[in-house]
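# Structural overview
Residues per chain are reported as follows:
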Amino acid sequence: QVQLVESGGGLVQAGASLRLSCAASGRTFSRNTMGWFRQAPGKEREFVAAINWSVDSTYYADSVKGRFTISKDNAKNTLYLEMNRLKPEDTAIYYCAVQTRGGVVLRSYDYDYWGQGTQVTVSS
């Protein structure tokens, strides 16, 4: 079975930085695209960032452009999300996910595997 395990979340003040990690393990699968989504209380899950595993092209939500950076380590099968200049609006549970086939990067529906999530809380 494919497993995705996020880590790195925490409680920080506005303006601080956090680096989230997502370690993939289990059976081999095609990593077409891996991405990060987040869900705040009472809100829908929203797209944050994604990276094509082979081409290394990246995609970002407008709300995080210039502040967040997505990257990966092929040898470690690990996905990262560097979050800088955090704002209270960034408070949410952050999930990593993988598309094993082609799909729409922005749509959570097109992702096949999900991690358990890691909480990020940003205080004012």
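Overview of the structure. (Residues numbered from 1 in each chain as written. Predicted model: local features only at pLDDT ≥ 70, side-chain atom pairs only at ≥ 80, totals over all residues. Heavy atoms only, no water.)

### Details of the packing of aromatic side chains
Note the following rule: Here a Phe, Tyr or Trp ring, Trp counted by its six-membered ring, pairs with any other such ring whose centre lies within 6.5 Å, and the pair is stacked when the planes are under 30 degrees apart, edge-to-face when over 60, and tilted otherwise. Here a helix means four or more residues in a row that DSSP labels H or I, a strand means two or more in a row labelled E, and each is numbered from the N terminus. Three exposure classes are used, based on accessible area relative to the maximum for each residue type with a 1.4 Å probe and protein chains only: buried under 20%, partly exposed in between, and exposed over 50%. Two conditions define a charge sitting above a ring: the NZ of Lys or the CZ of Arg must be within 6 Å of the ring centre, and it must be within 35 degrees of the ring normal.
A complete count under the given rule lists five aromatic pairs for this structure. Relative to Phe47, the ring of Phe37 lies with its centre 5.7 Å away and its plane at 75°, an arrangement referred to as edge-to-face. In this pair, Phe37 sits in strand E4 (residues 33-39) while Phe47 sits in strand E5 (residues 46-52), placing the two residues ten residues apart along the sequence. Measuring from ring centre to ring centre gives 6.5 Å for Tyr95 and Trp114, while their planes differ by 80°; the resulting arrangement is edge-to-face. Taken together, the positions of Tyr95 in strand E9 (residues 92-99) and Trp114 in strand E10 (residues 113-114) put the pair 19 residues apart, joining distant regions of the chain. We classify Tyr95 as buried; its relative accessible area is 11%. Put simply, the rings of Phe37, Phe47, Tyr95, Tyr111 and Trp114 touch in pairs and so form one group of aromatic residues. The residue whose ring lies beneath Arg19 is Tyr80, and the NZ or CZ to ring-centre distance is 4.2 Å. Cation over ring: Lys72 sits above Trp53, and NZ or CZ is 5.0 Å from the ring centre.

### Quick look at unusual backbone geometry
Phi angles above zero are rare outside glycine, and Asp56 is one such case at about 70°. Structurally, the position occupied by Asp56 is in the loop between E5 and strand E6 (58-60). With a relative accessible area of 43%, Asp56 lands in the partly exposed category. In this structure, Asn77 is a non-glycine residue whose phi angle is positive, near 50°.

### Details of the sheet that holds strand E1 (residues 3-7)
Going by this rule: Two strands pair if DSSP finds at least two bridges between them. Helix axes are fitted to C-alpha atoms over the stretch in contact, other axes to C-alpha atoms as well, and angles between N-to-C directions run from 0 to 180 degrees.
Taken in spatial order, the four strands make up an open sheet running E1-E3-E8-E7, and their pairing is antiparallel. Edge positions in the open sheet fall to E1 and strand E7 (68-73), since each of these has one partner strand only. Going across the sheet, the axis of each strand differs from the next one's by a mean of 15°, ignoring polarity.

### Observations regarding the side chain of Thr118
Rule in force here: Between N or O atoms, a polar contact is any pair within 3.5 Å; within protein, one atom must be a potential hydrogen donor and the other a potential acceptor, and residues adjacent in sequence are included only when both atoms are from side chains. By the convention used here, residues are in contact when the closest approach between their heavy atoms is within 4.5 Å.
Within the secondary structure, Thr118 sits in strand E11 (residues 118-123). By relative accessible area, Thr118 is classed as buried at 11%. Within the structure, Thr118 has its side chain in polar contact with the backbone nitrogen of Gly9 (distance 3.2 Å). Thr118 has contacts with Glu6, Ser7, Gly8, Gly9, Leu20, Ala92, Ile93 and Tyr94, leaving out every residue within four places of it along the chain.

Interpretation note: all reported values are geometric properties and have no functional meaning in isolation.
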